[in-house]
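# Structure assessment
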There are 2 protein chains.
Amino acid sequence: MPTTTAPEIYDPYRVCPSRQLLDRIGDRWTVLIIGVLEDGPQRFSQISRRIDGISQKMLTQTLRSLEADGLVTRTVFPEVPPHVEYELSELGRTLLEPLAILRAWAVDHMDEVAAARTAAAA
Amino acid sequence: MPTTTAPEIYDPYRVCPSRQLLDRIGDRWTVLIIGVLEDGPQRFSQISRRIDGISQKMLTQTLRSLEADGLVTRTVFPEVPPHVEYELSELGRTLLEPLAILRAWAVDHMDEVAAARTAAAA
DNA sequence: CAGGATCCTGGCGGATACTG
DNA sequence: CAGTATCCGCCAGGATCCTG
């Protein structure tokens, strides 16, 4: 292909890293888990109990992803019965403020969204 | 039920409005579309051409949702052939900054995430 | 207690064809 | 041009059972 310089094409998978971030935080559980871990290190079962409706599978899976992304650290205490703690990494904590800002937007504007929604339904 | 005061249970569907927001922006297309509309009003086919890989179905569906949420306005010009323009509403524009902050986080930190990921893969 | 392994289903989203 | 309608594959994610 010659340099047709097609200017502003946004491929969702090649577009900026933000797509990957949105994939991360867009799923149902990531942000909830980060929210729980904001209170400090937590054990698997603690997190599980504090997030209503999450399955072990999803908790495990999401924690593994968060760990792989370097956002959460996993510490195993060599005890029996097993004792594992999850904690926000330094990198993970840098994400707290952007999320707080997003949450603030939601709190500030979701009533307008709700109003628009019911108006649209009419 | 007596007041057992179960303290910190996060139900993803009843938890703060942020869950709804995350559902919105978590899908594949919403943020891309908002990004395109950031440049001003656009026609259906313009948006379509600027977002690689989106189907008419998803473009229509996402635009309808954005419209129902009051984030985007839809203007039909009574012409033939049809001419429809989509534009960010005032409410929609208030979302730009939070998204920009998120994008900034991604740009600043996604290389660390990528590094953590490849390290985890090893 | 922390999770691995399996099975199974809903619905997200793509492809295609048709219309005002 | 800007959609609607329909069919369908795929896999995220829940339920369940099992183990170190």
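Keep in mind it's a predicted model, so treat the numbers as computed, not measured. Here the residue index of a chain counts from 1 through its sequence in written order. Ligands are numbered from 1 and chains lettered from A, in the order in which they are written. Reporting of local features is limited, given that this is a predicted model, to residues whose pLDDT is at least 70; pairs of side-chain atoms are given and counted only at 80 or more, and all residues count toward the totals for whole chains, interfaces and linings. For the side-chain quantities, the full set of heavy atoms in the structure was used; hydrogens and water were omitted.

In this description, a nonpolar core means a group of buried Ala, Val, Leu, Ile, Met, Phe, Trp, Tyr and Cys residues linked to one another through side-chain atoms lying within 4.5 Å. Note on exposure labels: buried denotes an accessible area under 20% of the residue type's maximum, exposed denotes more than 50%, and partly exposed covers the range between, all computed with a 1.4 Å probe on protein chains only. Membership of the largest hydrophobic core comes to 60 residues, with the highest contact counts inside it found for I33 of chain A together with I33 of chain B. Residues count as neighbours in contact if any of their non-hydrogen atoms are within 4.5 Å of one another. Setting aside residues no more than four positions away along its own chain, I33 of chain A makes contact with I51, I54, L59, T62, L63 and L66 of chain A.

Bringing the relation of the copies chain B and chain A into the picture now. The two copies are related by a screw operation: chain B maps onto chain A through 180° of rotation and 0.0 Å of translation along the axis, at an RMSD of 0.1 Å. What the rotation and shift describe, once combined, is the action of a two-fold rotation axis. Taking C-alpha positions as reference, the residue of chain B nearest the rotation axis is G26 of chain B, located at 1.9 Å. A share of 100% of interface residues in chain B that are also interface residues in chain A marks the association as one of identical surfaces. Overlaid copies result from least-squares superposition on C-alpha atoms, with residues included only where pLDDT is at least 70 in both.

On to the protein's contact with DNA strand C. Distances are taken per atom, and a residue is near a molecule or strand as soon as one of its heavy atoms is within 4 Å of it. S45, R74 and Y86 of chain A together with K57 and M58 of chain B are the nearest of the 17 residues found near DNA strand C. Each atom of DNA strand C within 4 Å of the protein belongs either to a base or to sugar and phosphate, the latter forming 70%. A distance of 2.9 Å separates a phosphate oxygen of DNA strand C from a polar atom in the side chain of R43 of chain A. Any N or O atom pair separated by 3.5 Å or less is treated as a polar contact, with the protein-specific requirement of one donor-capable and one acceptor-capable atom, and with residues adjacent in sequence counted only for side-chain atom pairs. The separation between a phosphate oxygen of DNA strand C and a polar side-chain atom of R74 of chain A is 2.2 Å. By the criteria applied, helices consist of DSSP H or I runs no shorter than four residues and strands consist of E runs no shorter than two, each listed in order from the N terminus. Of all the secondary-structure elements, those providing two or more residues to the surface near DNA strand C are α3 (44–50), α4 (56–68) and β3 (83–88) of chain A together with α4 (56–68) of chain B. Examining the composition of the surface near DNA strand C, we find that three residues originate from one element, α4 of chain B, more than from any other. Throughout, the ten residues Ala, Val, Leu, Ile, Met, Phe, Trp, Tyr, Cys and Pro are labelled nonpolar, Asp, Glu, Lys and Arg are labelled charged, and all others, Gly among them, are labelled polar. Residue composition of the surface near DNA strand C, grouped by class: eight nonpolar, four polar and five charged.

As a matter of local geometry, DNA strand D sits amid 17 residues, with K57 and M58 of chain A together with S45, R74 and Y86 of chain B nearest to it. The sugar-phosphate share of atoms of DNA strand D within 4 Å of the protein amounts to 66%. R43 of chain B is positioned with one of its side-chain polar atoms (N or O) 2.9 Å from a phosphate oxygen of DNA strand D. For the surface near DNA strand D, the secondary structure elements donating two or more residues are α4 of chain A together with α3 (44–50), α4 and β3 (83–88) of chain B. Class assignment of the residues belonging to the surface near DNA strand D gives a composition of eight nonpolar, four polar and five charged.

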